[in-house]
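Working through the structure, step by step
What follows is the residue order along each chain.
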Amino acid sequence: QVQLVESGGGLVQPGGSLRLSCAASGSIFSIIAMGWYRQAPGKQRELVARITSGGSTNYADPVKGRFTISRDNAKNMVYLQMNSLKPEDTAVYYCNVDWGYGSRESWGQGTQVTVSS
């Protein structure tokens with residue numbers, strides 16, 4: 001059984017910052033990539049940022065230059081530093097892991113991020 005536990009969400013004013021963390025545990029092996037997705041009310045879930053085991057990253061255009069993804073391979077953790085937050089960043093943020101040599105995928109339960117004054 002694989003478990004992903006997210007933390008760090010909350011309410012922040014526009015222009016503020018938050019740092020999300022995700023810890024992967026259980027029978028997880030050979031992680032290919034870890035990432036963050038988000039889903040706003042009435043919208044589809046979308047990729048925010050992704051990082052491979054080798055450290056390659058990609059970001060959605062709306063967050064480029066504001067968000068930074070990083071990971072700790074030894075601890076099976078991934079982080080998302082979010083700066084200059086905007087109201088349109090409001091969403092539930094989900095941690096995602098591709099593992100088992102890419103044959104498996106797991107999701108966290110989601111953490112709410114609300115950007116509002």
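Criteria and cut-off values
- Residues numbered from 1 in each chain as written.
- Predicted model: local features only at pLDDT ≥ 70, side-chain atom pairs only at ≥ 80, totals over all residues.
- Heavy atoms only, no water.
- Helix = DSSP H or I, 4+ residues; strand = E, 2+ residues; numbered from the N terminus.
- Buried < 20%, exposed > 50% of the residue type's maximum accessible area, 1.4 Å probe, protein only.
- Lys, Arg positive; Asp, Glu negative; His and termini not counted.
- Salt bridge = Lys/Arg side-chain N within 4 Å of Asp/Glu carboxyl O.
- Polar contact = N/O pair within 3.5 Å; in protein donor to acceptor, adjacent residues only side chain to side chain.
- Contact = heavy atoms within 4.5 Å.
- Pairing = 2+ DSSP bridges.
- Axes fitted to C-alpha atoms, helices over the stretch in contact; angles between N-to-C directions.

The topology assignment puts glutamate 6 in strand S1 (residues 2-7). Although glutamate 6 is buried, it forms no salt bridge, and the closest oppositely charged side chain is arginine 45 at an N-O distance of 7.7 Å. Polar contacts involving the side chain of glutamate 6 include one to the main-chain amide nitrogen of cysteine 95, which spans 2.6 Å. A polar side-chain atom of glutamate 6 sits 2.7 Å from the main-chain amide nitrogen of glycine 110.

Attention now moves to the environment of arginine 38. Looking at the element boundaries, arginine 38 is found in strand S4 (residues 33-39). With relative accessibility at 6%, the residue arginine 38 sits in the buried group. When the C-alpha atoms of arginine 38 and glutamine 112 are compared, they prove to be 9.3 Å apart, with 74 residues separating the residues in sequence. Ignoring any residue separated from it by four or fewer positions in sequence, one finds arginine 38 in contact with Gln44, Arg45, Glu46, Val48, Pro62, Val63, Phe67, Glu88, Asp89, Ala91, Val92 and Tyr93. Here the side chain of arginine 38 touches aspartate 89 through a polar contact of 3.0 Å, side chain to side chain.

Take the pairing of strand S5 (residues 46-52) next. As judged from the 6 bridges shared by S4 and S5, these two strands associate in the antiparallel manner. Note that in S5 the partner of tryptophan 36 across the bridge is alanine 49. Between S4 and S5, which pair antiparallel one after the other, the connecting turn spans 6 residues, and glycine 42 there sits at a positive phi close to 75 degrees. In this structure, S5 lies alongside strand S6 (residues 57-59), joined through 3 bridges in antiparallel fashion. Counterpart to alanine 49 in the pairing with S6 is tyrosine 59. Remark: 4 residues form the turn of the hairpin made by S5 and S6, two consecutive strands paired antiparallel; glycine 55 in that turn has positive phi of roughly 100 degrees.

Glancing now at the pairing of strand S10 (residues 104-107). By the bridge criterion, 4 bridges tie strand S9 (residues 91-99) to S10 in an arrangement that is antiparallel. Following the sheet pairing, aspartate 98 is matched in S10 by glutamate 105. Between S9 and S10, which follow one another and run antiparallel, lie 4 residues, and glycine 100 among them has a positive phi close to 65 degrees.

On to the sheet that holds strand S3 (residues 18-26), then. Within a sheet, adjacent strands bond to each other through the backbone by hydrogen bonds, running parallel or antiparallel. Strand order in the open sheet formed by 4 strands is S1-S3-S8-S7, and the pairing between neighbours is antiparallel. The open sheet has two free edges, formed respectively by S1 and strand S7 (67-72), since each of these has just one partner strand. Along the sheet, successive strands turn relative to each other by an average axial angle of 15 degrees, direction set aside. Alignment of S7 against strand S8 (residues 77-82), held across 6 bridges, turns out to be antiparallel. Looking at S8, one finds that arginine 71 is bridged to valine 78.

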